[in-house]
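Analysis of the macromolecular model
Here is what each chain is made of, one letter per residue.
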Amino acid sequence: MQYETNQSATSRAFEILRATLVSLLLSLVGAFAFAILLRVFNLSDKVILPVNQILKTVALFFGVLLCVRGEKGLLKGMLAGLFYAMLSYLSFSAVGGDFSLSWLILVEVLFCVFVGALSGIFAVNIKRN
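Heads up: these notes are all about the structure in this document.

The rules we used
Residues numbered from 1 in each chain as written. Predicted model: local features only at pLDDT ≥ 70, side-chain atom pairs only at ≥ 80, totals over all residues. Heavy atoms only, no water. Phe/Tyr/Trp six-rings, centres within 6.5 Å; stacked < 30°, edge-to-face > 60°. Buried < 20%, exposed > 50% of the residue type's maximum accessible area, 1.4 Å probe, protein only. Helix = DSSP H or I, 4+ residues; strand = E, 2+ residues; numbered from the N terminus. Contact = heavy atoms within 4.5 Å. Polar contact = N/O pair within 3.5 Å; in protein donor to acceptor, adjacent residues only side chain to side chain. Expected span 1.5 Å × (residues − 1). 1 Å grid on protein atoms, 1.4 Å probe; cavity = no way out; pocket = protein on both sides within 12 Å on 5 of 7 lines; lining within 4 Å. Points joined across faces, edges and corners; volume = space filled by probe spheres on them. Nonpolar A, V, L, I, M, F, W, Y, C, P; charged D, E, K, R; others polar.

Turning our attention to the packing of aromatic side chains. In total, this model carries three aromatic pairs according to the counting rule given. An angle of 85° between the planes, with centres 5.7 Å apart, marks the rings of Phe 61 and Phe 62 as edge-to-face. For Phe 62, a relative accessible area of 40% translates into the label partly exposed. Centroid distance Phe 61 to Phe 122: 5.9 Å. Interplanar angle 65°. Geometry classified as edge-to-face. Here Phe 122 lies in helix H4 (residues 103-125) and Phe 61 lies in helix H2 (residues 48-67), a separation of 61 residues in the sequence. Through successive ring pairs, a cluster of aromatic residues spans Phe 61, Phe 62 and Phe 122.

In structure tokens:
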């Protein structure tokens, strides 16, 4: 499928929304699978935070990579990363029952924007059939 060089604002917004939601879905599925592994293998609580961060990073990277097309990958990826950080914070806080804020939230938002930007750059530069 060939994309026009001048996407409409609606089309770009839909790509960003789709990338955000796919990333969130991937991270929720990953977290659910990890929760099952924690239960089955009785792993230490010390592995939860790093593994969750890795799952979120991978989910965001692939969500943007799968959904962003055309041009302006950097911007689309950054916005998808920003929205993903906000939605994942709300989702995982709702599941955990703790909506407390700390400076780590800002670090996570900045990291998600960076990962989204990186993935967006890759996404628009990969040749697809």
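Before going further, it helps to spend a moment on the environment of Phe 83. Note that Phe 83 resides in helix H3 (residues 73-96). Sequence-distant contacts of Phe 83, defined by excluding residues within four places in its chain, comprise Ile 16 and Thr 20.

Excluding glycine, residues mostly carry a negative phi; peptide bonds, for their part, are mostly trans. If you check the backbone angles, Asn 42 has positive phi at about 50° while not being a glycine. Position of Asn 42 relative to the elements: it lies in the loop between helix H1 (9-41) and H2. A residue is classified by how much of its surface remains accessible, and Asn 42, at 67% relative accessible area, is exposed. The backbone of Lys 72 sits at a positive phi, close to 60°, despite the residue not being glycine. Within the secondary structure, Lys 72 is located in the loop between H2 and H3. Relative accessible area serves as the criterion here: at 46%, Lys 72 is assigned to the partly exposed category.

Mapped onto the secondary structure, Arg 128 falls in the segment after H4. Given a relative accessible area of 36%, Arg 128 falls into the partly exposed group. Those residues in contact with Arg 128 that lie beyond four places of it in its chain are Leu 65, Val 68, Arg 69 and Ala 123.

Relative to the assigned elements, Ser 88 resides in helix H3. Note on Ser 88: relative accessible area 0%, which makes it buried. Polar contacts involving the side chain of Ser 88 include one to the main-chain carbonyl oxygen of Ala 85, which spans 3.2 Å. Those residues in contact with Ser 88 that sit more than four places away from it in its chain are Leu 24, Lys 56, Ser 93 and Glu 108.

Let us now look at H2. Given a rise of 1.5 Å per residue, 20 residues ought to cover 28 Å, and the 28 Å separating the end C-alpha atoms of H2 matches this to within 8%. By the burial criterion, the buried members of H2 are Lys 56, Ala 59, Leu 60, Gly 63, Val 64, Leu 65 and Cys 67. Packed against the buried residues of H2 are H1, H3 and H4.

In this structure, the largest pocket spans a volume of roughly 790 Å³. As for the largest pocket, its lining consists of 27 residues, and the residues nearest its centre are Leu 49, Gln 53, Lys 56, Phe 92 and Glu 108. Of all the elements in the fold, those that place two or more residues in the lining of the largest pocket are H1, H2, H3 and H4. Here the lining of the largest pocket is composed, by residue class, of 18 nonpolar, six polar and three charged.

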